[in-house]
Amino acid sequence: MNNLSFSELCCLFCCPPCPGKIASKLAFLPPDPTYTLICDESGSRWTLHLSERADWQYSSREKDAIECFMTRTSKGNRIACMFVRCSPNAKYTLLFSHGNAVDLGQMSSFYIGLGSRINCNIFSYDYSGYGASSGKPTEKNLYADIEAAWLALRTRYGIRPENVIIYGQSIGTVPSVDLAARYESAAVILHSPLTSGMRVAFPDTKKTYCFDAFPNIDKISKITSPVLIIHGTEDEVIDFSHGLALFERCQRPVEPLWVEGAGHNDVELYGQYLERLKQFVSQELVQKHNEGK
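Labelled according to an unreviewed UniProt entry, the protein chain appears under the name Alpha/beta hydrolase domain-containing protein 17B, originating from Piliocolobus tephrosceles. In UniProt, the protein chain has this text filed under Sequence similarities (unreviewed entry): "Belongs to the AB hydrolase superfamily. ABHD17 family." UniProt's Catalytic activity (unreviewed entry) comment on the protein chain is quoted here verbatim: "S-hexadecanoyl-L-cysteinyl-[protein] + H2O = L-cysteinyl-[protein] + hexadecanoate + H(+)".

Structural data, given as structure tokens:
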């Protein structure tokens, strides 16, 4: 998130139209696209072309396991979607909302590595104004974007909600919490989550104001699925206290992962990150599923 002066923050939070300004100034940093999607003559098949900046780390065989397409949101934007088939016998698919300043091209190698290690397929999308997606990034568009992705995942691939794990990272926790508060799924994973935009800018904020953006703190208690929260204790962008506050509001929290010494962008580099996800997906969710029968 951008570093703004106190006077700029005051202007953002005190001058209308506040919510849109807060969201765009504090949150959205779409990078120059690192990929393109080329449609064939039939209009049904899309080919993914990655630029060097995407830093692809695998062979063409792994790339063939990635299916991309465009879908339209309720706001009229066309968003790019990516389905990564990591495991032929995967029980779960992660609906992954990525962090800021990256797009699907940059995330594609990470998705292959993560999904293959935790035995999950991964479905992701680019927010409006990111990558090949049209429109502009706004808070309302975020919610419409993930709704369109959720619908595509269910209708195009026939994946049922009980086989979907909603995964949000950083700014991606905003649409993830909003979706999970409205639909039940297998589980929710919140990676370096924020409580609200105002609380990121002004850490002493104790309540949610009408002009606050991204009010995860007010929505998380509506989530009825199991929730795993992951946060680095030395997060310099979204303070560790945000993860703690959200954990306390969960209806069905599981044991969180507080990564000692980790910051905002390096949690995945710690061994306990993958170990916790493996345990959650292969043991805890299976156990909860069997208990529910």
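Still to come is the rest of the account.
Pairing is possible between side chains of opposite charge, provided their charged atoms come close. Evaluated as defined, the whole model comprises 9 salt bridges. Across the pair Arg156 and Glu67 runs a salt bridge whose closest N-O atoms are separated by 3.1 Å. Linking Arg156 in helix H5 (residues 139–157) with Glu67 in strand S3 (residues 66–72), this pair joins segments that are 89 residues apart in sequence. Judged by its relative accessible area of 40%, Arg156 is partly exposed. When the shortest N-O distance is used, the salt bridge between Asp178 and Lys219 registers 2.8 Å. Taken as a pair, Asp178 in helix H6 (residues 173–180) and Lys219 in helix H8 (residues 216–219) lie far apart in primary sequence, 41 residues in all. For Lys219, a relative accessible area of 16% gives the class buried. Here the salt bridges do not stand alone but share partners, grouping Glu147, Asp178, Arg182 and Lys219 into one network.

Next up on the list: the packing of aromatic side chains. Evaluation of the coordinates by the stated rule reveals 16 aromatic pairs. Plain terms: the ring middles of Phe123 and Tyr157 are 6.1 Å apart, the flat faces sit at 70° to each other, and that makes the pair edge-to-face. Of this pair, Phe123 sits in strand S6 (residues 120–125) while Tyr157 sits in helix H5, and the two are 34 residues apart along the sequence. Of the two residues, Phe123 and Tyr157, neither departs from the other in class, the shared state being buried. The structure contains a cluster of three or more aromatic residues connected by ring pairs, namely Phe69, Phe83, Phe123 and Tyr157. The lysine or arginine in question, Arg156, covers the ring of Phe69, its NZ or CZ lying 3.8 Å from the ring centre.

Moving on: unusual backbone geometry. Notably, Asn119 is not glycine yet its phi reads approximately 60°, a positive angle. A positive phi is found at Ser170, a non-glycine position, where the angle reads about 55°. Position of Ser170 among the secondary structure elements: in the loop between strand S7 (164–169) and H6. We classify Ser170 as buried; its relative accessible area is 8%.

Counting buried residues in S6 gives 6 out of 6 residues, a clear majority hidden from the surface. Residue alternation in S6 divides its side chains into two sets, Cys120, Ile122 and Ser124 and Asn121, Phe123 and Tyr125, and both sets are buried. Taken together, the 4 bridges between strand S4 (residues 78–84) and S6 define a ladder with antiparallel strand orientation. Each bridged residue has a counterpart across the sheet, and for Met82 the counterpart in S6 is Ser124. Pairing of strand S5 (residues 92–97) with S6 involves 5 bridges; the strand directions are parallel. In the sheet register, Leu95 faces S6, and the bridge partner there is Phe123.

About the cut-offs
Residues numbered from 1 in each chain as written. Predicted model: local features only at pLDDT ≥ 70, side-chain atom pairs only at ≥ 80, totals over all residues. Heavy atoms only, no water. UniProt positions renumbered as here; feature names shortened; annotations may be inferred. Salt bridge = Lys/Arg side-chain N within 4 Å of Asp/Glu carboxyl O. Helix = DSSP H or I, 4+ residues; strand = E, 2+ residues; numbered from the N terminus. Buried < 20%, exposed > 50% of the residue type's maximum accessible area, 1.4 Å probe, protein only. Phe/Tyr/Trp six-rings, centres within 6.5 Å; stacked < 30°, edge-to-face > 60°. Lys NZ or Arg CZ within 6 Å of the ring centre and 35° of its normal. Pairing = 2+ DSSP bridges.

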